[in-house]
Amino acid sequence: AAARLFQQVLERTPGNARALVGYASLVGGRGGEAGRREAESLLRRAMSVAPSDPDVLCHLAAVAQDPARAAQLYRQALHVNPAHVPSLSDFARLHRETADNVPGVSGNVTAAIALYR
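This structure is a prediction, so every number in the text was calculated from the model and none was measured.

Thoughts on the packing of aromatic side chains
Next, step 1: Taken as a whole and assessed by the stated rule, the structure comprises 2 aromatic pairs.
Next, step 2: Residues Phe-6 and Tyr-23 carry aromatic rings whose centres are separated by 6.0 Å and whose planes lie at 25° to one another, so their mutual orientation is stacked. Note that Phe-6 is positioned in helix 1 (residues 2-12) and Tyr-23 in helix 2 (residues 17-28), a separation of 17 residues in sequence.
Next, step 3: Overall, Phe-6 belongs to the partly exposed group, its relative accessible area being 23%.
Next, step 4: The class of Tyr-23 is buried, set by a relative accessible area of 8%.

Structural data, given as structure tokens:
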């Protein structure tokens, strides 16, 4: 039902970034590689119409397979809105969970804690 509502909104307003993000969250939540790819495609469309929207950047970072790319997107979101809680939280989690050899991500708890402050 929710998927159909998002589709109806996007048929009427294909450049609706909020609807694209919502629909991407829905299809990405289904799991699997196909859901991730479809979510990423929707989020890229959202980014083309709202390139500096922190919600778009944060959601795109969440589906990025490359941790360095995810870190870059979180930084962009936080540049636009330093208090964007989802980006702060997700970027801190990325710091905590990622190996030290990923450029732009320290992979340690200290960096994660600094983002929460």
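So, the environment of Val-21
Next, step 1: Mapped onto the secondary structure, Val-21 falls in helix 2.
Next, step 2: Along the primary structure Val-21 and His-59 are separated by 38 residues, whereas in three dimensions their C-alpha atoms are 7.3 Å apart.
Next, step 3: Once residues within four sequence positions are removed from consideration, Val-21 is found in contact with Leu-43, Ala-46, Val-56 and His-59.

Some points on helix 5 (residues 67-80)
Next, step 1: Over its 14 residues, helix 5 extends 20 Å from the first C-alpha to the last, a length consistent with the 20 Å expected when each residue adds 1.5 Å.
Next, step 2: Residues Ala-70, Ala-71, Leu-73, Tyr-74, Ala-77 and Leu-78 constitute the buried set of helix 5. Seen end-on, helix 5 carries its buried residues on one side only, within an arc spanning 165°.
Next, step 3: Among the structural elements, helix 3 (32-49), helix 4 (54-63) and helix 6 (85-97) are those in contact with the buried residues of helix 5.

Basis of the calculations
Residues numbered from 1 in each chain as written. Predicted model: local features only at pLDDT ≥ 70, side-chain atom pairs only at ≥ 80, totals over all residues. Heavy atoms only, no water. Phe/Tyr/Trp six-rings, centres within 6.5 Å; stacked < 30°, edge-to-face > 60°. Helix = DSSP H or I, 4+ residues; strand = E, 2+ residues; numbered from the N terminus. Buried < 20%, exposed > 50% of the residue type's maximum accessible area, 1.4 Å probe, protein only. Contact = heavy atoms within 4.5 Å. Expected span 1.5 Å × (residues − 1). Arc of directions from axis to C-beta.

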